[in-house]
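# Breakdown of the fold
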Amino acid sequence: MVIAWLAAGRPRRERLRLLPSRVSTRGIAGMIVGVLALSQALESLTILLRVGPGANLDWIARSLAGAGPVGLLLAVLVVGGLAPVGEELFFRGFMLTRLRRVWSAGPAILVTAIAFGVIHGEWVHGVLATGIGIYLGLVTERSASVIRR
């Protein structure tokens, strides 16, 4: 496979962009504020357009509303911790890095962001995830890393 051949011989940390960021602490803080602002803006847009959060997010909200303390803690760990880390490692660390070896940054970021949106399962959540995926792809390209520290 061409992608496997292109990645062969390079350390795994480099292949997955797990090297320290080349952006300053101040720049990383700006990127974090940017993703939070973008997330809030996109959520506000769904409210203004009255499209709602979608069936999947409604189900998650209902499930969390009825969860006990242990269930809530597990949900926070999985939904708030493990899932985003896994998504970043796969989409920006693996997929974007591989596409970037054969395409320029724009198409690689766009395809990765669309794939990121599609896995979220419904059109509203998918569009929001695609928007955030574009931003995170730009951040990854700028910092040359998926580690934002």
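Above this text is the structure in question.
Residues numbered from 1 in each chain as written. Predicted model: local features only at pLDDT ≥ 70, side-chain atom pairs only at ≥ 80, totals over all residues. Heavy atoms only, no water.

## With respect to the overall build of the protein chain
In terms of helices and strands, the protein chain carries seven helices and zero strands. Counting from the amino terminus, helix and strand elements in the protein chain follow one another as α-α-α-α-α-α-α. Counting only C-alpha atoms and orienting by the principal axes, one finds that the protein chain spans roughly 50 × 35 × 35 Å. In the protein chain, which comprises 149 residues, the proportion classed as buried is 30%. (Helix = DSSP H or I, 4+ residues; strand = E, 2+ residues; numbered from the N terminus. Buried < 20%, exposed > 50% of the residue type's maximum accessible area, 1.4 Å probe, protein only.)

## Regarding the layout of surface pockets
For the largest pocket, the calculated volume is near 1,100 Å³. Along the wall of the largest pocket there are 36 residues; nearest its centre are S39, E87, H120, H125 and I132. Of the residues belonging to the lining of the largest pocket, the class tally is 26 nonpolar, six polar and four charged. (1 Å grid on protein atoms, 1.4 Å probe; cavity = no way out; pocket = protein on both sides within 12 Å on 5 of 7 lines; lining within 4 Å. Points joined across faces, edges and corners; volume = space filled by probe spheres on them. Nonpolar A, V, L, I, M, F, W, Y, C, P; charged D, E, K, R; others polar.)

## Description of the pattern of salt bridges
All chains considered together, the criterion is met by two salt bridges. With a shortest N-O distance of 2.7 Å, E88 and R92 are connected by a salt bridge. With E88 and R92 both in helix 5 (residues 69–102) and four residues apart, this pair spans about one turn of that helix. Per residue, the accessibility class of E88 equals that of R92, and both read buried. Among the ionic pairs, E141 bridges to R100, the shortest N-O distance being 2.9 Å. Here E141 is found in helix 7 (residues 123–143), whereas its partner R100 is found in helix 5, with 41 residues between them in sequence. (Salt bridge = Lys/Arg side-chain N within 4 Å of Asp/Glu carboxyl O.)

## A word on the side chain of T130
Inspection of the secondary structure puts T130 in helix 7. Of the polar contacts made by the side chain of T130, one reaches the backbone oxygen of G126; its length is 2.8 Å. Once residues within four sequence positions are removed from consideration, T130 is found in contact with A113, I114 and G117. (Polar contact = N/O pair within 3.5 Å; in protein donor to acceptor, adjacent residues only side chain to side chain. Contact = heavy atoms within 4.5 Å.)

## A look at the nonpolar core
Of all hydrophobic cores here, the largest spans eight residues; its members are F91, M95, L96, L99, A108, I109, F116 and A129. Residue assignment for this core shows that the elements contributing at least two residues are helix 5 and helix 6 (105–118). The next biggest cluster of nonpolar side chains, apart from the first, holds six residues, and it includes V35, L128, I132 and L136. (Core = buried A, V, L, I, M, F, W, Y, C linked by side-chain atoms within 4.5 Å.)

## Some details on the side chain of E141
When its relative accessible area of 18% is taken as the criterion, E141 is described as buried. Those residues within four positions of E141 in sequence are excluded, and the remaining contacts are R17, R22, L96, R100, A105 and I109.

## Observations concerning the packing of helix 6 against helix 7
The geometry of helix 6 relative to helix 7 is characterised by a closest axis approach of 7 Å and an angle of 145 degrees between their N-to-C directions. Helix 7 is crossed by helix 6, and the crossing has right-handed handedness. Between helix 6 and helix 7, the residues in contact are A105, I109, L110, A113, I114, F116 and G117 and G126, A129, T130, G133, I134, G137, L138 and E141, respectively. Across the contact of helix 6 with helix 7, the residue classes break down as nine nonpolar, five polar and one charged. (Axes fitted to C-alpha atoms, helices over the stretch in contact; angles between N-to-C directions. Left-handed = near helix turned anticlockwise from the far one by under 90°.)

## Looking at the packing of aromatic side chains
This model, assessed by the stated rule, comprises three aromatic pairs. Both rings, one in F90 and one in F94, keep their centres 5.8 Å apart while their planes meet at 25 degrees; by these two values the pair is stacked. Residue F90 and its partner F94 are both found in helix 5; the two are separated by four residues, about one turn of the helix. For F94, a relative accessible area of 36% corresponds to the partly exposed category. Geometrically, the ring pair formed by F91 and F116 is edge-to-face, given 5.3 Å between the ring centres and 70 degrees between the ring planes. Of the two residues, F91 is situated in helix 5 and F116 in helix 6; the sequence distance between them amounts to 25 residues. Taken as a pair, F91 and F116 share a single burial class, namely buried. By the ring-pair criterion, three or more aromatic residues cluster together here, those being F90, F91, F94 and F116. The residue whose ring lies beneath R92 is F116, and the NZ or CZ to ring-centre distance is 4.5 Å. (Phe/Tyr/Trp six-rings, centres within 6.5 Å; stacked < 30°, edge-to-face > 60°. Lys NZ or Arg CZ within 6 Å of the ring centre and 35° of its normal.)

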